[in-house]
Amino acid sequence: QVQLVESGGGLVQAGGSLRVSCAASGRTFSPYVMGWFRQAPGKAREFVASIRWSGGITAYADSVKGRFTISRDNAKNTVHLQMNSLKPEDTAVYYCAAKMSMVAEYRYWGQGTQVTVSS
């Protein structure tokens, strides 16, 4: 069974930066894609960014393009999300997730880490 554990959330002022990380443990971990999602109070969960485990191809939501960068460390089974120029509207619980094949849904989810951006 795969377990995903996020870390690195916190409180930051608008314009600041944070990096959240997601460490995977369990059986041999070889996802197809790792993704970051977020959910703000009263809103639906939304896609933030993803990275293909092999090859490193990335994708971003329009709302974070140019400000957020997703990266991975295959040897450590870890994925990071570097968030710069943070805005109050980035406040949310951030979740990492793993998709095990191109056609599969995101199967494994972390417990989430809170990111709060004050104005």
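For every chain, the first residue of the written sequence is number 1, and numbering continues from 1 along that sequence. Under the rules for a predicted model, residues below a pLDDT of 70 receive no local features and side-chain atom pairs below 80 are neither given nor counted, while totals for whole chains, interfaces and linings still include all residues. As a rule here, side-chain values cover all heavy atoms of the structure and leave hydrogens and water aside.

Chemist: An account of the environment of Gly-55 is requested, with residue identities and associated values reported.
Modeler: Mapped onto the fold, Gly-55 is located in the loop between β5 (46–52) and β6 (58–60). Given the relative accessible area of 66%, Gly-55 is considered exposed. Spatially, the C-alpha atom of Gly-55 lies 16 Å from that of Phe-29, the residues being 26 residues apart in sequence. Helix and strand assignments come from DSSP, with helices taken as H or I runs of at least 4 residues and strands as E runs of at least 2, each series counted from the N terminus. Each residue gets one of three labels from its accessible area relative to the maximum for its type: buried under 20%, exposed over 50%, partly exposed in between, using a 1.4 Å probe on protein chains only.

Chemist: Account for the nonpolar core, with residues named and values stated.
Modeler: Generally speaking, nonpolar side chains in soluble globular proteins are found buried as a group. Take the buried residues of types Ala, Val, Leu, Ile, Met, Phe, Trp, Tyr and Cys, join any two whose side-chain atoms come within 4.5 Å, and each joined set is a nonpolar core. Leu-4, Met-34, Trp-36, Leu-81, Met-83 and Tyr-94 are the most contacted members of the largest nonpolar core, which totals 30 residues. Only β3 (18–25), β4 (33–39), β5, β7 (68–73), β8 (78–83), β9 (92–99) and β11 (113–118) provide two or more residues apiece to this core.

Chemist: Lay out the environment of Met-100 with the relevant residues and their values.
Modeler: Locating Met-100 in the fold gives a position in the loop between β9 and β10 (106–109). Taking the relative accessible area as the measure of exposure, Met-100 reaches 22% and is therefore partly exposed. Residues contacting Met-100, with those up to four places away along its chain left out, are Arg-27, Ser-30, Pro-31, Tyr-32 and Tyr-108. Only heavy atoms enter the contact rule, under which two residues are in contact if any of them lie within 4.5 Å.

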